[in-house]
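# Results of the structural survey
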Amino acid sequence: MDGFIHALSAVTSWQILLAAGGGVLWGILGGALPGISPSIAMALLLPFTYDMSPLMALVMLGSVYIGAEYGGSIPAILIRTPGTNAAAATVIDGYVMHQQGRGGEALGLSLTGGTIGGLFGLILLATLTKPLSDLALMFTPPAYFALGLLGLSIIASVSEGSMVKGLIAGVLGLMLATVGTDPLSGVTRFTFGEPELLEGVHFILVMLGVFAVAELMSKLADNEPDDLVKPDTVSKLVLPSLSKLWSLRRAQAIGCAVGALEGPVPGAGGTVASFLSYNEARRWSKTPEQFGKGSEEGVIAPETANNVVTATALVPTLSFGIPGSNSTAILLGGFLIHGLQPGPLLFSTNPDILYGLFGGLFVANIMMFLIGIVILGPAIWLVNRPRPYLNASILALVFSGIYSINNSIFDLWVVLAAGAIGYVLRVLKFPALPLILGLVLGYMIESNYRRSLLLTQGDHAVFFQNGVSAFLMGCAIVVLVLGAYTEFRRFRREATA
Amino acid sequence: MKYRHFLGALVAVSATVSLAAEALADYPHSTVKLVTHSSPGGGTDVFLRKLSQHLGPIMGVNFVVENVRGGGGAKAMAVLANSPADGSIFYGTTPSYVNTSLLSSPEASFTDLDPVVNMFYDPQVVYVRANSPYQDLTDVVEDAKSRPQQVIVAVSTPSSLDRQVMEQFQTVTGTEVTILTHDGGGDVILNVLNGTAQVGIGEIAELRGQIDAGELRLITTYTDERLDLFPDVKTAKEQGIDLVVRKFRGLAGPKGLPEDVVTAWEEGIQKLLADPEFKAWYEGEGVIPAYLDQEGARALTAEFATEMKAFFTEYNIQAE
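Everything in this summary refers to the structure shown in the same document. (Residues numbered from 1 in each chain as written. Chains lettered and ligands numbered in written order. Predicted model: local features only at pLDDT ≥ 70, side-chain atom pairs only at ≥ 80, totals over all residues. Heavy atoms only, no water.)

## Considering the overall build of chain A
The following threshold applies: Put simply, DSSP H or I for four residues or longer makes a helix, DSSP E for two residues or longer makes a strand, and each gets a number counted from the N terminus. Atoms considered for the radius of gyration are the C-alpha atoms alone. The globule rule reads 2.2 Å times the number of residues to the power 0.38. Working definition: with a 1.4 Å probe on protein chains only, accessible area under 20% of the residue-type maximum means buried, over 50% means exposed, and in between means partly exposed. A contact between two residues is defined here by any heavy atoms of the two lying within 4.5 Å. Accessible areas in this description were obtained via Shrake-Rupley with a 1.4 Å probe; residue shielding takes into account the shown protein chains only. Counting rule for charge: Lys and Arg are taken as positive, Asp and Glu as negative, and neither His nor the chain ends is counted. In plain terms, the charge of a residue is placed at NZ if it is Lys, CZ if Arg, CG if Asp and CD if Glu.
What chain A contains, in helices and strands, is 25 helices and two strands. In terms of C-alpha radius of gyration, chain A reaches 22 Å, essentially the compact-globule figure of 23 Å for 497 residues. Across its three principal axes, chain A shows a C-alpha extent of roughly 65 × 65 × 50 Å. Taking all 497 residues of chain A together, the buried fraction comes to 60%. Once local pairs closer than 6 in sequence are excluded, the contacts in chain A between residues at least 24 apart make up 79%. For chain A, the accessible area works out to roughly 19,400 Å², and carbon and sulfur atoms hold 70% of it. Separation of charge centres in chain A, based on 25 positive and 29 negative side chains, amounts to 10 Å.

## Some words on the sheet that holds strand β5 (residues 124–129) of chain B
Residue and element names in this part refer to chain B. As a reminder of what qualifies: Paired strands, in this sense, are two strands between which DSSP finds at least two bridges.
Overall, mixed pairing links the six strands, which are arranged β7-β6-β8-β5-β9-β10 in an open sheet. The outermost strands of the open sheet, each flanked by one partner alone, are β7 (178–181) and β10 (234–235). Sheet topology note: the β5/strand β8 (residues 199–203) ladder contains four bridges and is antiparallel. If you follow Gln124 over to β8, its bridge partner there is Glu203.

## What to know about the packing of helix α15 (residues 269–284) of chain A against helix α25 (residues 467–496) of chain A
For any two helices packed against each other, the geometry is given by the interaxial angle and the distance between the axes. All names here are of chain A. We count it as follows: Only the contacting stretch of a helix is used when fitting its axis, a line to C-alpha atoms as for every element, and angles between N-to-C directions run 0 to 180 degrees. Just so you know how the angles are binned, under 35 degrees is roughly parallel, over 145 roughly antiparallel, 65 to 115 roughly perpendicular, and the rest oblique. It is the rotation of the near helix from the far one that decides the hand of a crossing: anticlockwise by less than a right angle makes it left-handed, clockwise makes it right-handed. The nonpolar class holds Ala, Val, Leu, Ile, Met, Phe, Trp, Tyr, Cys and Pro. Asp, Glu, Lys and Arg form the charged class, and all remaining residues, Gly among them, are polar.
Contact pair α15 / α25: the axes reach a minimum separation of 13 Å and the direction vectors enclose 55°. By the angle between their axes, α15 is oblique relative to α25. Remark: the crossing between α15 and α25 carries left-handed chirality. Residues Asn279, Glu280 and Arg283 of α15 lie in contact with α25, whose contacting residues are Val478, Val479 and Leu482. A per-class count over the contact of α15 with α25 returns three nonpolar, one polar and two charged.

## With respect to the sheet that holds strand β4 (residues 113–122) of chain B
In a beta sheet, neighbouring strands are held together by backbone hydrogen bonds and run either parallel or antiparallel to one another. Residues and elements named next belong to chain B. Read across the open sheet, the six strands follow the order β2-β1-β3-β11-β4-β12; overall the sheet is mixed. Two strands close off the open sheet at either side, each with one partner strand: β2 (62–67) and β12 (288–292). Neighbour-to-neighbour, the strand axes of the sheet open up by a mean angle of 25°, direction not taken into account. Against the sheet, helix α4 (residues 95–103) makes contact with β3 (89–93), β4 and β11 (247–254), and its axis sits at roughly 70° relative to β11, the strand it touches most.

## Examining the packing of helix α7 (residues 103–137) of chain A against helix α20 (residues 351–383) of chain A
All names here are of chain A. Interhelical geometry of α7 versus α20 gives an angle of 180° and a closest axis separation of 10 Å. Viewed along their axes, α7 and α20 adopt a mutual orientation that is roughly antiparallel. Between α7 and α20, the contacting residues are Gly104, Leu107, Leu111, Thr112, Gly114, Thr115, Gly118, Leu119, Leu122, Ile123, Leu125 and Ala126 on the first element and Tyr355, Phe358, Leu361, Phe362, Asn365, Ile366, Met368, Phe369, Gly372, Ile373, Leu376 and Ile380 on the second. Each residue belonging to the contact of α7 with α20 can be placed in one class, and the counts come to 17 nonpolar, seven polar and no charged.

## Notes on the pairing of β5(B)
Residues and elements named next belong to chain B. For β5, a buried count of five out of six residues is recorded, marking the element as mostly surrounded by other parts of the structure. Of the strand pairs in this sheet, β5 and strand β9 (residues 216–221) are connected by five bridges, and their pairing is antiparallel. In the strand pairing of β9, Val128 is matched with Arg217.

## Looking at the interface of chain A and chain B
Threshold: Any carboxyl oxygen of Asp or Glu that lies within 4 Å of a side-chain nitrogen of Lys or Arg is treated as forming a salt bridge with it. By the criterion applied in these results, polar contacts are pairs of N or O atoms within 3.5 Å in which, for protein atoms, one can donate a hydrogen and the other can accept it, and in which residues neighboring in sequence qualify only through two side-chain atoms.
Each partner contributes residues to the interface: chain A has 40 residues there, and chain B has 41 residues. Put simply, chain A and chain B have one salt bridge between them. Here Asp183(B) makes a salt bridge to Arg451(A), at a shortest N to O gap of 3.7 Å. Linking chain A to chain B there are nine residue pairs in polar contact (both at pLDDT 80 or more). Top element by residues in the side of chain A that touches chain B is helix α23 (residues 433–455) of chain A. It accounts for four residues.

## Section: the nonpolar core
Condition: Working definition of a nonpolar core: buried Ala, Val, Leu, Ile, Met, Phe, Trp, Tyr and Cys residues. They are joined through side-chain atoms within 4.5 Å.
Core analysis: the biggest nonpolar cluster contains 174 residues, and Leu34(B), Phe90(B), Met119(B), Trp265(B) and Ile269(B) have the highest contact counts within it. No other element matches α20(A), which puts 13 residues into this core. In terms of nonpolar packing, the next biggest core, distinct from the first, is built from 48 residues, Val35(B), Tyr222(B), Leu243(B) and Phe311(B) among them.

Encoded structure:
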């Protein structure tokens, strides 16, 4: 009850409202710009928060995080370029909807789903912090390994029609993930003496190359008017009606559940959550054949999940003082700069700040919805300008965004190389998403596999003895078998037809 | 009317500016840039910002902190090496700038920079879960002797000081433990909390919340003397394990700094360390004040580099 009062007093202060609104707006813009990740958007703003009151500073940083995780879906839907890592899954159906002239609807779904997810996540955060932090502690190295495998098993369903090609692309991603410093021994691998490669190939660079650059290249190569977009129907944002939302309740529930379970696990994060919920939504859908062809469920499920994560990812940060991602690391920095020590005692020493933060973030989610309604119209207008202008500015946007991350020319070459690979994959009809999944999960799988074996002196039984690990491996096997079965059935159907 | 107010304000501003200019008559620059490779909110960033806040009035200089991220300090070192050696730009040093230089072949390495002063050591500590049977490092040694490789020690990255000290620990004590490397200090804490590892190595700042809450307990410090914050925790030295980690924090500049600039810094930093407000901050952080003048800081850096080089070569971590 005290907590509620703290939250209420926070949201009735104009400074907090300003911080929430300003933070969300900045976040949406940052998230929508390819290359500016949520953590960079937060880092850019951090110095301005030094002189604010602690609560105002934290609400602002948290709001940027929320806004940015949502904002990433805007370019994912409109220009096939995920603005943030977690928006990669939204590309699949979001962009197809846009091509079908339903871009406004897709944006409405992602905005509404994101808001619902964000609010749901906050309620969980405020009421269930303790059990959720126990969940984070259940993840030992074998469990992380199994989680990575479960993520990989999704390849079976995101590469429908060509599972073998999907697997090849996935392996390519896993291979890319081995570049850099060996996670356990520290020996450098495949860096060829290049210091820029010590930290590995950055996931965001490959993603922008494979999606944005490859898309532009194939548009150039097509040489025919590719205006599949029907400008009339997409020129404005279409919010889903309540009955539409009700009809998508299953996908949203899946997004909420996956986000709630995934968020508190440090290192798993929004990307894995959105892919997993996309996959689950497809499996439980009444119309799974629509996925990949402009499914509404395929947009709302991952978007709900990654905004649930914006709240639940705060669990390890607040209850252990351990950031699970770059974004939460900056939020943690915000706490430390103001002399606050997140950890088990924070709830008793600074409840005013903590519940004030929850209150502020609640407002931020609502503001995100309102701001989204205002700015999405112009965003849609923007992408309906003549193609050549749009394509040229996408390239400029992607490159300046990438350059701003590390001020590195080398990164630009990585994007171009990834673009070339992405283009070849497209021409040969290989799906690109498995490559991304392999790259994202490769490091987690490898390091935790080896860590687990180090712990048991090489005994593989640990993966089945550990409860969490066994459960996740079971899920992975189910996903794989079902995927293979569907593939097989379709193959037979095509053969007989 | 409004216009006159504005004029008044303008006069007031220029007056303050000229006052400030007088105070810093002995330092050649009114604005000094402090570069860190740490991202905003990271360890060195927070440290440099606190430093600017308190050192500004002492030296009569306006400090600007700039985050030059990327390449584990490689970019920041390149910026420094290409800047004029006139006292207008400095770099916040930590062991990572030496390590990065040794591990990769950056455009500019730590030898292209010149240490100015050392300020602190971050104490390296050994910790366990609150309910662990270990009371000190001797208990760990005994347990490790009775069951080789069964005691799991969590450390941060493979090229970290955490790992280096535990590899040395095995040699010094003649034991075999399993050293589990991680991606960072946070993961180490989680794996100690959930029982995956029996012992963790880390820094006070990241452990503070858990220690205060009674979830984690310090058993030993790798420092010269016991820490003021934790007077009951023994040092490794006291237990006959001769290991001391000097995780330094200081400042370096481009090579060839004028003598008066170095002197101004040496004096300024000594005053800063005695400043009550700044003292209150760093004591709360649990760092050990360890002022060294330029000669001392140079020697420390060189000695540290030799040690790390030997470690990297022995464990095949080095590039090439």
